[in-house]
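Chain residues, written in single-letter form:
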Amino acid sequence: MAVEEQRAGSRVSRPENRLVRRGFTDPARAVRLLEGPGLEGLADDPVLLDALGATADPDLALLGLSRLLEAADAADRHALRDTLTTSKPLRDRLLGVLGVSTALGDHLARHPHDWHVLVTFELRDMHPGPEDFRRSLAEGVRDDTLGPANALRVAYRRCLLAIAARDLTGTTDLAQTAAELADLAGATLQTALDLAAEQDPEAAAACRLAVIGMGKCGGRELNYVSDVDVVFVAEPREGVDEHEALKAATRLAAALTRLCADTTGEGTIWPVDANLRPEGRNGPLVRTLASHLAYYQRWAKTWEFQALLKARPVAGDAELGAAYVAALAPMVWQAAARENFVADVQQMRRRVIDSIPATELDRQLKLGPGGLRDVEFSVQLLQLVHGRTDPALRSGNTLEALAALSRGGYVGRADAASLDAAYRFLRSLEHRIQLYRLRRTHLMPTGAEDLRRLARSLAALINDDTRADPVAALQREWKRHAMEVRRLHEKLFYRPLLDAVAELPPGATGLSPEAARARLEALGYADPAAALRHLSALASGVSRKAAIQRTLLPVLLGWFAESADPDAGLLNFRQVSDALGRTPWYLRLLRDESAAAEQLARVLSAGWLAPDLLLRAPEAVAMLGDPHGLEPRGRAALQSEILAAVGRAGSTHAAVAAARSVRRRELFRTAAADVLGRLGEDPAEALDTAGEALTALNAATLGGALRACVAGWEAEHGDLPTRIAVIAMGRFGGHELGYGSDADVLFVHEPLLGSLEEAAARAAQAVCHELRAQLGAPSTEPPLLVDADLRPEGRSGPLVRTLASYAAYYRRWSHAWESQALLRAEPVAGDEELGARFRQLIDPLRYPGGGVPERDLVEIRRIKARIEAERLPRGADPTTHTKIGRGGLADVEWTVQLLQLRHGYELPALRTTRTRAALAAAAEAGLVEPEDAEVLDTAWVLASRVRAAVMLVRGRPGDSFPGEARELAGVARYLGYGSGHSGELLDDYRRTTRRARAVVDRLFYGAD
């Protein structure tokens, strides 16, 4: 009893309040219905009201009940009222249906006597089979008042009503409901075929016709509303010409289709779809068994064999149907041996996703990512690959096949249980959506009423409390299952063993030398003999390591072959495995983490930089097994780790070596993430992320090395008499470092109070020289070359100056190019307060109050023209040189820097060391047209990405495209161009930079 009723004692609340508490959303209308025809005297019946309140939509259930009682004759109305108040099972079934399906409510309003089927089926078999449905349909079509076609449709919906009632009250589960719907479809097809034969007895006498169920009908997992996929196969009866028999069979098949799909009278049962037949809609509707076999032997595509996996005789000549399935089954279970089978199936799934309209992608229960099709494709692919040698997997039913895959060890038990639960939930959700109007749809509704009805009808399946907010609970459960399906789909669908098993002969457990050589040649390995030696070293023997390698090698070879240099990938894999092969975690990583194995293959075959970094310390491969292992680390975290490592070291050399070791590992993290496309979906975003990561890494390394060198000096000489700051310059200061960039810096120091300036200068000089030497010294770790040539007087000037010395130099001797260079100056290491004061010192130089004097403007343009004429390497193509070639990095950067020099004083947004940010600010301020800014930005990003690709592929820096074909192909692959499209990359680069140069000529040189 509600609180207010308890306080009021015997006072009874208004009827509307009682209805609201029971879940009615329109209590005023509910009161009117309860007082209307048919429901007299039931308005205060708490049993009925509670039963209505327990339905998915009490308002809809009450409306349907009112219409049913109003339409029933007096005897039926009395019987129904009596049953409603005395029989809970009948009441729950009837109101359960009426609260979910307005379409079945409409059917009962048109055919009120059909409510008796809810009692009839209870007294019969709780789980009717095909024969039960055939008897019910056969009895229904004898109703002369409707005509055979309409009588069939009424009888079909009568059976559908009974199935829905059992489903909605939990008498049957999802699998049994789907099987009953498929059995009902088969019975309907048989009844329609019988009617067609009665209407055309000559055709029936001329042929034997079998109807083969395909898709969900064939798999006994049909929806409430779905096209029923079929294939027709026929044979002439004795003494009948084959051509005439096929014509007769075609008439019967067409008549069957019309009977089921006709929209007149009682409406469509469902469309009969025969487009899965050979040649699709362009092929004959009916073929003989021999014609079917000939087509599948010669012409069928991979997807057609996948479709045949669910083929099952459902109507017509049972013997002929069984012969059809028996004849085609061997082809189905050898389809996985076809060339590119796995790739074809995967590509077909991708095409399905790509075909979904963008507005529907997030609402698609069937076709969208994490939807039903992901489960079905995963299961079917595993079946087809492993079912060649394991007959236990050859079921056309998704849930049965998934259970068999789990029992056979092809899918882990936990993964199978998750997929099973997700599939049942998603299919149940799809069923409830379709039941509402009996319309074919797989889209999640958006209306609040629809979502509330769905949530209440699925409350038993939602792993959440639905009482407070049923819609939110439904949304959470749906998203949870969809995410789990997507995760498992990616894990299973791209499982490393699939290609291997698919392309090895049945029973094979490894690669013979002959098979390996043939496959290596087919996959495009340039040196099959060397590759075969690597394979022999990896796979020979009886060790656990060799067994795992033999399992993985076939698919690894495929992954390597998708790269521009598969030979390098295989060689690198052998070297990593030789280093880590006896390490248990490495073997587990390869065996159990398919994503990690694939990522390792991609990294090892993408070029030389990342593998070289990995081979220096192979344990870094563990990053690939960590879901967050390739995420860039921030500067604070890197600096903390490096300083801690430096603090533990016993000497300057050991301390800097520790810092360089961390840098090498983090370089691999960034390079691997870049190769795998993990730094950002947008190329410009990925480039910026890489630049930030490399800048943070070099800054932290410099900071750690400076700490180590200071500590070393102090261990020998006592306290350092000065403070030192490191100022990043060039691409370092701009946070735009590439993998092969030097660290351009300035060193500034300031003697401590009471220290002699000369002694402080000698100490600072010694520390900075030691820092450069230690970071650039030959080692197993990659060097960090510290370039201080941008300092005053260049190489002729002192390596370190005091702040006052910098001020004096810039006041008297500074050139225009030095002010330009200071635009990218940023403190990155050492004394922070000193670095901040250096920034204050140079701001008036790089952002001059009066803009750029004309003489300086002329000088900057002259220097730029001289660089273009004199610095381009001999033989280099100026149209493809990324640094100083036409429309390259220098063109864009000098143009942007000129704008900063001229307008940085009055526009604070231009005061940034980053090229792209300054260009965007210039466009925002109207200094550059948006179209021109976009052209310059695109060219700068492309040139920077080419430089990154060259370093990743070749393992050494370069400003031009590689001349060697494989290296150029690797660069093209990194930039998103497919195999054989390197020429397109060069054309696109020249086109992009040509447009950029035209903008530079106007903005920088002032050309008309």
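Residues numbered from 1 in each chain as written. Predicted model: local features only at pLDDT ≥ 70, side-chain atom pairs only at ≥ 80, totals over all residues. Heavy atoms only, no water.

Moving on to the overall build of the protein chain. Within the protein chain one finds 46 helices and 10 strands. With the C-alpha coordinates aligned to their principal axes, the bounding extent of the protein chain is approximately 115 × 85 × 65 Å. The buried share among the 1008 residues of the protein chain stands at 54%. Counting contacts in the protein chain only where the partners sit at least 6 residues apart, residues at least 24 apart contribute 72% of the total. Surface summary for the protein chain: the accessible area is close to 42,900 Å², and the carbon and sulfur share equals 51%. Averaging the positions of the 125 positive and the 135 negative side-chain charges in the protein chain gives two centres separated by 3 Å. (Helix = DSSP H or I, 4+ residues; strand = E, 2+ residues; numbered from the N terminus. Buried < 20%, exposed > 50% of the residue type's maximum accessible area, 1.4 Å probe, protein only. Contact = heavy atoms within 4.5 Å. Areas by Shrake-Rupley, 256 points an atom, 1.4 Å probe, with all protein chains shown as cover. Lys, Arg positive; Asp, Glu negative; His and termini not counted. Charge placed at Lys NZ, Arg CZ, Asp CG, Glu CD.)

This brings us to the pairing of strand S7 (residues 743-751). Among the nine residues that make up S7, seven are buried, leaving the element largely enclosed by the rest of the structure. Bridging between strand S6 (residues 722-728) and S7 involves seven bridges; their strand directions are antiparallel. Its bridge partner being in S7, Ile724 is matched across the sheet by His749. The parallel pair S7 and strand S8 (residues 786-787), bridged by helix H37 (residues 757-776), forms a crossover whose chirality is right-handed. Both S7 and strand S9 (residues 800-802) contribute to a ladder of three bridges, which runs parallel. Of the residues in S9, the one forming a bridge with His749 is Thr802. (Pairing = 2+ DSSP bridges. Right-handed = clockwise from strand over helix to strand, strands pointing away.)

Moving on, we come to the side chain of Lys864. For Lys864, the location among the structural elements is in helix H41 (residues 854-870). Apart from residues no more than four positions distant in its own chain, Lys864 is found in contact with Ala890, Asp891, Trp894, Arg997, Phe1004 and Tyr1005.

Our focus in this paragraph is unusual backbone geometry. Positioned with a positive phi, Glu279 is a non-glycine residue whose angle comes to about 70°. Tracing the sequence through the fold places Glu279 in the loop between strand S3 (272-273) and strand S4 (286-287). Non-glycine residue Glu793 carries a positive phi angle of around 70°. Here Glu793 shows up in the loop between S8 and S9. Among the residues examined, Glu793 registers a relative accessible area of 47% and is labelled partly exposed.

Two cysteines, two sulfur atoms, one covalent bond between them: this is a disulfide. Taken as a whole, this structure holds zero disulfides when the rule is applied. With no disulfide of its own, Cys207 lies 17 Å from the sulfur of Cys260, the closest cysteine sulfur. When its relative accessible area of 3% is taken as the criterion, Cys207 is described as buried. No disulfide involves Cys217; its sulfur sits 10 Å from that of Cys260, the nearest cysteine. (Disulfide = S-S within 2.5 Å.)

With that settled, consider the nonpolar core. Ranked by internal contacts, the top residues of the largest apolar core, which has 140 residues, are Phe573, Leu702 and Phe747. Once you skip the residues sitting within four places of it in the chain, Leu702 turns out to touch Val726, Phe732, Val745, Leu771, Leu775, Leu784, Val786 and Ala829. (Core = buried A, V, L, I, M, F, W, Y, C linked by side-chain atoms within 4.5 Å.)

Attention now goes to the pattern of salt bridges. Evaluation of the coordinates by the stated rule reveals 66 salt bridges. Linking Arg453 and Asp450 is a salt bridge whose minimum nitrogen-to-oxygen distance equals 3.0 Å. Separated by three residues within a single helix, Arg453 and Asp450 lie in helix H23 (residues 448-457), roughly one turn from each other. Owing to a relative accessible area of 7%, Arg453 belongs among the buried residues under this scheme. Through salt bridges with shared partners, a single ionic network connects Arg633, Glu641, Arg665, Glu666 and Arg669. (Salt bridge = Lys/Arg side-chain N within 4 Å of Asp/Glu carboxyl O.)

Right, let's talk about the environment of Ala760 for a bit. On the secondary structure map, Ala760 appears in helix H37. According to the relative accessible area criterion, Ala760 is buried, its value standing at 0%. The residues touching Ala760, leaving out its near neighbours within four places in the chain, are Pro721, Thr722, His749 and Pro751.

Where helix H42 (residues 889-903) meets helix H44 (residues 930-954), the closest approach of the two axes is 9 Å, and the angle between their N-to-C directions is 135°. By the angle class used here, H42 and H44 are oblique. Handedness of the crossing formed by H42 with H44: left-handed. Contacts between H42 and H44 pair Leu889, Val892, Glu893 and Thr895 from the former with Leu936, Trp940, Ala943, Ser944 and Arg947 from the latter. (Axes fitted to C-alpha atoms, helices over the stretch in contact; angles between N-to-C directions. Parallel < 35°, antiparallel > 145°, perpendicular 65-115°, else oblique. Left-handed = near helix turned anticlockwise from the far one by under 90°.)

Moving on to the packing of aromatic side chains. Counted by the stated rule, this structure contains 10 aromatic pairs. Judged by centre distance (6.0 Å) and plane angle (90°), the rings of Tyr156 and Trp270 are edge-to-face. Of this pair, Tyr156 sits in helix H11 (residues 148-168) while Trp270 sits in the loop between helix H15 (242-261) and S3; the two residues are 114 residues apart in sequence, bridging distant segments of the chain. Its relative accessible area of 3% is what places Tyr156 among the buried residues. Here the aromatic rings of Phe560 and Phe573 are separated by 6.2 Å at their centres, their planes lie at 55°, and the arrangement is tilted. Here Phe560 is found in helix H28 (residues 544-561), whereas its partner Phe573 is found in helix H29 (residues 566-580), with 13 residues between them in sequence. Residue class for Phe560 comes out buried when judged on its relative accessible area of 0%. Members of the aromatic cluster, connected to one another through ring pairs, are Tyr806, Tyr809, Tyr810 and Phe838. One cation-aromatic arrangement involves Lys479 over Trp478; the distance from NZ or CZ to the ring centre is 4.1 Å. Just above the ring of Tyr847 sits the side chain of Arg911; from NZ or CZ to the centre is 5.9 Å. (Phe/Tyr/Trp six-rings, centres within 6.5 Å; stacked < 30°, edge-to-face > 60°. Lys NZ or Arg CZ within 6 Å of the ring centre and 35° of its normal.)

Looking at the element boundaries, Thr912 is found in the loop between H42 and helix H43 (915-924). On the basis of relative accessible area, Thr912 is assigned to the buried category, the value being 14%. Within polar-contact distance, the side chain of Thr912 engages the backbone nitrogen of Arg914 at 3.2 Å. Leaving out residues up to four positions away in the same chain, Thr912 has contacts with Leu823, Tyr847, Gln900, Ala917 and Ala918. (Polar contact = N/O pair within 3.5 Å; in protein donor to acceptor, adjacent residues only side chain to side chain.)

As a further point, take the confidence of the model for the protein chain. When pLDDT is averaged along the protein chain, the result is 88, and 93% of the positions lie at 70 or above. Here helix H25 (residues 497-503) stands out as the element of the protein chain with the lowest mean pLDDT, 37, in contrast to strand S1 (residues 207-213), whose mean of 98 is the highest. Here residues 1-13 is modelled with pLDDT under 50, and outside its nearest four sequence neighbours on either side it reaches nine contacts, counting other chains as well. Per-residue pLDDT stays below 50 along residues 494-512; that stretch engages in 46 contacts with residues further than four places along the chain or on separate chains. (pLDDT = per-residue confidence, 0-100.)

Let us look at the environment of Leu161. On the secondary structure map, Leu161 appears in helix H11. Considering only alpha carbons, one finds Leu161 and Pro528, 367 residues apart in sequence, at a separation of 66 Å.

Here we come to the environment of Arg846. On the secondary structure map, Arg846 appears in helix H40 (residues 832-846). With 200 residues separating them along the chain, Arg846 and Val646 place their C-alpha atoms 36 Å apart. In contact with Arg846, not counting residues within four places along its chain, are Ser819, Leu822, Leu823, Arg824, Ala825, Arg839, Gln900, Leu901 and Thr913. Within the local environment of Arg846, its side chain forms a polar contact with the side chain of Asp843, the two groups lying 3.0 Å apart.

Moving on: the packing of helix H35 (residues 683-717) against H44. In the contact formed by H35 and H44, the axes pass within 10 Å of each other and the chain directions differ by 60°. Between H35 and H44, the interaxial angle falls into the category oblique. When the axes of H35 and H44 are compared, the crossing they make is left-handed. Residue-level contacts link Pro683, Ala684 and Leu687 of H35 to Trp940, Val941, Ser944 and Arg945 of H44. Considering only residue class, the contact of H35 with H44 consists of five nonpolar, one polar and one charged. (Nonpolar A, V, L, I, M, F, W, Y, C, P; charged D, E, K, R; others polar.)

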